[in-house]
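# Structural overview
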Amino acid sequence: MTGIPTVVSDVMTRRVVALRTGAAFKDIVRAMREWRVSALPVLDDAGRVVGVVSEADLLRKQEYGGGGLDWYGRARDLTGFRKADAATAGELMTAPAVTVPPDAGLAQAARIMARGEVKRLPVVDHAGMLKGIVSRSDLLKVFLRDDQDIAEDVRREVVARLFGPYAEAVRVEVRDGVVTLAGRTPETALVPLATALARTVAGVVDVQCALTGPPRHPDLDPDLPDPQRSASA
């Protein structure tokens, strides 16, 4: 499936603006506004990602900077109160940063985002060096694939490999990313596997399986009723 996005490096943004730990508050706000982003990675002197500053971190100054909280309110949110007094990226950032390696699968990246409750992830190599940024919208790009391309992949990567000489009896249709498998196959034990594998093809939204087994032969199975005779009766 050459050319199809399957890992983070296929969809990530490679041109990334980043902050040093000493970046000033106003410079951070300007950078976010200029680049139209809501979060920026923070790098140490060696260029490794050590944290992330988000709009939520910056808004702590607005939230708590005007006072109005008693000692009990401050004690309940020491982190927020500390960030309200912060003036640099190193003081504001959330650390450690939630990151993802470039060779991680798209599904893995999506799970990391969900668990970390973040909208984008810095992409780092094994040494922690910044390689790019992947966002939620980047991960969704795969679902823009053409239905015909998805159908071809399902036929080649799933149906042909699983059913071999019987593959021609299996029909593959795709509409708006939803795959329908239909037809007859003597390999009924492979039907659940075909459905599961079709779901892994890039761009597939859902799989509807209408595959059935071979037609009955009452002459070979005398203990089974003949459905045609039963219908005519």
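To keep things clear, this report deals only with the structure shown in the data block.

If you tally the helices and strands in the chain, you get 11 helices and 8 strands. Here the chain, with 233 residues, has 36% of them falling under the buried criterion. A separation of at least 24 residues holds for 59% of the contacts in the chain among residues at least 6 apart in sequence. When the accessible area of the chain is evaluated, it comes to approximately 14400 Å², of which 51% is carbon and sulfur surface.

Attention now goes to helix 9 (residues 147–163). Where helix 9 bends most, the angle comes to about 35°, and this point is Arg-155. Contacts from the buried residues of helix 9 go to strand 6 (170–175), strand 7 (178–184), helix 10 (191–199) and strand 8 (206–212). Measuring from the backbone nitrogen of Gln-148 back to the side-chain oxygen at the start of helix 9 gives 2.9 Å, which picks out Asp-146 as the cap. Of the residues trailing helix 9, Gly-164 is marked for its positive phi of about 50°.

Strand order in this open sheet of 3 strands is 1-2-3, and the pairing throughout is mixed. Unpaired on one side and paired on the other, strand 1 (19–20) and strand 3 (49–54) mark the two borders of the sheet. With 5 bridges joining them, strand 2 (residues 39–43) and strand 3 adopt antiparallel strand pairing. Bridge assignment links Ala-39 to a residue of strand 3, and that residue is Ser-54. In this fold helix 2 (residues 25–35) packs onto strand 1, strand 2 and strand 3, with an angle of close to 130° to the strand it touches most, strand 2.

The next thing to look at is unusual backbone geometry. Of all residues except glycine, most have a negative phi; of all peptide bonds, most are trans. The amide bond that connects Ala-95 to the next residue, Pro-96, takes the cis arrangement and shows omega of -5°. By the element assignment, Pro-96 lies in the loop between helix 6 (89–92) and helix 7 (106–116). Positive phi outside glycine occurs at Glu-117, with the angle close to 55°.

About the criteria used
Residues numbered from 1 in each chain as written. Predicted model: local features only at pLDDT ≥ 70, side-chain atom pairs only at ≥ 80, totals over all residues. Heavy atoms only, no water. Helix = DSSP H or I, 4+ residues; strand = E, 2+ residues; numbered from the N terminus. Buried < 20%, exposed > 50% of the residue type's maximum accessible area, 1.4 Å probe, protein only. Contact = heavy atoms within 4.5 Å. Areas by Shrake-Rupley, 256 points an atom, 1.4 Å probe, with all protein chains shown as cover. Bend = angle between axes of the 7 residues up to and from the residue. Polar contact = N/O pair within 3.5 Å; in protein donor to acceptor, adjacent residues only side chain to side chain. Pairing = 2+ DSSP bridges. Axes fitted to C-alpha atoms, helices over the stretch in contact; angles between N-to-C directions.

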